[in-house]
Amino acid sequence: MPLYLSKFSYTPETWSRLISNPEDRRKAAQTYIESVGGKLHGFWYGFGAHDGYNLWEAPDNVSMAAVALAISGGGALSSFETTVLLTVEEAMEAMRTADQITYRPPGAS
């Protein structure tokens, strides 16, 4: 199954609620991904551009998109970005396939 890396940030209101009533959000994240047949591999908080990170496994892009849409639509986050992760083998296959494609830049004859 494909892996996905999500980066998220909470709204100030969500941080306020979590400070008043600390909650381990891993269980919620696990429930969301398991509802589409996936698995949560990790949940971390960080300092910087994003408040947290998730590593997910999902059956396909549509399943992961459904989870991302449900979470994003919940109103607790100010941002939620998901990146599809490729294995080294998948990336190498893409490189070999790209080598067979003749690219023409815009405006070139």
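Preceding this section is the structure that the text describes.
Residues numbered from 1 in each chain as written. Predicted model: local features only at pLDDT ≥ 70, side-chain atom pairs only at ≥ 80, totals over all residues. Heavy atoms only, no water.

A. Layout of the overall build of the protein chain. Each helix and strand in the protein chain was counted, giving 4 helices and 4 strands. When the helices and strands of the protein chain are listed from N to C terminus, the series reads β-α-α-β-β-α-β-α. Compactness check: the protein chain gives a C-alpha radius of gyration of 18 Å against a globular reference of 13 Å for 109 residues, more than 25% above the reference. Taken along the three principal axes of its C-alpha coordinates, the protein chain extends 60 × 35 × 25 Å. For the protein chain, buried positions account for 27% of its 109 residues. In the protein chain, the proportion of contacts linking residues at least 24 apart, taken out of those at least 6 apart, comes to 64%. For the protein chain, the exposed surface amounts to about 7,500 Å²; the carbon and sulfur share of it is 59%. (Helix = DSSP H or I, 4+ residues; strand = E, 2+ residues; numbered from the N terminus. Rg over C-alpha atoms; globule rule 2.2 N^0.38 Å. Buried < 20%, exposed > 50% of the residue type's maximum accessible area, 1.4 Å probe, protein only. Contact = heavy atoms within 4.5 Å. Areas by Shrake-Rupley, 256 points an atom, 1.4 Å probe, with all protein chains shown as cover.)

B. Quick look at the pairing of strand β1 (residues 3-10). Of the pairings in the sheet, the one linking β1 to strand β3 (residues 52-57) comprises 6 bridges and is antiparallel in character. Note that in β3 the partner of Leu5 across the bridge is Leu55. Note: β1 against strand β4 (residues 77-85), 8 bridges, orientation antiparallel. Bridged to Leu3 within β4 is Leu85. (Pairing = 2+ DSSP bridges.)

C. Representation of the sheet that holds β3. Reading across from one edge, β2-β3-β1-β4 is the order of the 4 strands in this open sheet, with antiparallel pairing throughout. Lying at the two open borders of the sheet, with one neighbouring strand each, are β2 (39-45) and β4. Neighbour-to-neighbour, the strand axes of this sheet turn through a mean angle of 15 degrees, independent of strand direction. Packed onto the sheet, helix α2 (residues 26-34) meets β2 and β3 and runs at close to 150 degrees relative to β2. Against the sheet, helix α3 (residues 61-72) engages β1, β3 and β4, with an angle of about 170 degrees to β4. (Axes fitted to C-alpha atoms, helices over the stretch in contact; angles between N-to-C directions.)

D. The pairing of β2, seen in detail. Examined bridge by bridge, β2 and β3 share 6 bridges and lie antiparallel to one another. In the sheet register, Gly42 faces β3, and the bridge partner there is Leu55. Adjacent in sequence and paired antiparallel, β2 and β3 are bridged by 6 residues, among which Gly48 carries a positive phi angle near 130 degrees.

E. Quick peek at the pattern of salt bridges. For the coordinates displayed, the defined rule picks out 3 salt bridges. In this structure, Lys7 and Glu81 form a salt bridge, with 3.9 Å as the shortest nitrogen-oxygen distance. With Lys7 in strand β1 and Glu81 in strand β4, this residue pair connects regions lying 74 residues apart in the sequence. Using a relative accessible area of 37% as the deciding quantity, one classes Glu81 as partly exposed. (Salt bridge = Lys/Arg side-chain N within 4 Å of Asp/Glu carboxyl O.)

F. Quick look at the packing of aromatic side chains. Taken as a whole and judged by the stated rule, the model has 7 aromatic pairs. Judged by centre distance (5.3 Å) and plane angle (65 degrees), the rings of Phe43 and Tyr45 are edge-to-face. Take Tyr45: its relative accessible area is 41%, and that puts it in the partly exposed class. Three or more aromatic residues joined by ring pairs make a cluster, and in this case those are Phe8, Tyr10, Trp15, Phe43 and Tyr45. (Phe/Tyr/Trp six-rings, centres within 6.5 Å; stacked < 30°, edge-to-face > 60°.)

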